[in-house]
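Secondary and tertiary structure notes
What follows is each chain in one-letter form.
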Amino acid sequence: MTTFRSTLTALAALSVAGVTRNYDLDAVPETIARPQLPALLVLPAAAQDEALPRPRSQGFQAVAFSGGPRTVQYGVTHLLLVAPVESGRGARSHLPRLIDLADAYFAALSADVTLGGRLALPAAVRVEPGIYRHGGISYHGIAFQHTWVIEL
């Protein structure tokens, strides 16, 4: 049986070219040092900072016909932090790198859209570039908002 936890771990293992560190749920540090950037953090909806957009989730969802599969829909954020926000360097200076890393992210995800068969349907992902806070520091980054369907 696929679990939410094992699927989060599979997401954390996604190897994205150009990303220095990937953090699984139980390894997300309180603060991230500059040499650890760019970094990807796995954040289930319940653990997200209020500043992050929330992925849509419908919780437990059973198929309407008799004997059909039972599924759960989860919303998860995979947060890419690229560089701290510094005075004198605006978002425009980081856009080329953000775009390149987004392309690398989707290249990696397209190689395994069901995360090793853990998802009943390919991951649906919404991209939200912006400024995100982690550990009291603001970063230029991208929130990859995943919506997953996992069969129970």
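All of these numbers come straight from a predicted model, not from anything done at the bench. (Residues numbered from 1 in each chain as written. Predicted model: local features only at pLDDT ≥ 70, side-chain atom pairs only at ≥ 80, totals over all residues. Heavy atoms only, no water.)

1. As for the confidence of the model for the protein chain
Keep this limit in mind: Each residue carries a pLDDT value, the predictor's own confidence for that position, ranging from 0 to 100. By definition in these notes, contact holds between two residues if any of their heavy atoms fall within 4.5 Å.
Taken residue by residue, the protein chain gives an average pLDDT of 85. The fraction at 70 or more is 81%. A low-confidence stretch, residues 60-65 stays under pLDDT 50, and its non-local contacts, those more than four residues away or across chains, total 10 contacts.

2. What to know about the pairing of strand β5 (residues 124-134)
Rule in force here: At least two bridges found by DSSP between two strands is the condition for calling them paired. Strands here are runs of E lasting at least two residues and helices are runs of H or I lasting at least four, both read from the DSSP assignment and numbered beginning at the N terminus.
With 11 bridges connecting them, β5 and strand β6 (residues 137-151) associate as antiparallel partners. Looking at the pairing, glutamate 128 lines up with alanine 143 of β6. Counted along the chain from β5 to the antiparallel partner β6, the turn is 2 residues long, and its residue glycine 135 has a positive phi close to 60°.

3. A few points about the nonpolar core
Rule in force here: Throughout, nonpolar core names a set of buried Ala, Val, Leu, Ile, Met, Phe, Trp, Tyr and Cys residues whose side chains join them through atoms within 4.5 Å. Exposure categories follow from relative accessible area, calculated using a 1.4 Å probe and restricted to protein chains: below 20% of the type maximum is buried, above 50% is exposed, and the middle band is partly exposed.
If you look at the biggest cluster of nonpolar residues, it comprises 27 residues, and the most contacted ones within it are Leu11, Leu14, Val16, Leu80, Tyr105, Leu115 and Trp148. Taken together, the elements giving at least two residues each to this core come down to α1 (4-12), β2 (39-44), β4 (70-84), α2 (95-110) and β6. Non-local contacts of leucine 80, meaning those with residues more than four positions away in its chain, are made with Val19, Pro38, Ala39, Leu40, Leu101, His140, Gly141, Ile142 and Phe144. By size, the runner-up hydrophobic cluster in this structure holds 11 residues, among which are Tyr23, Leu81, Tyr132 and Tyr139.

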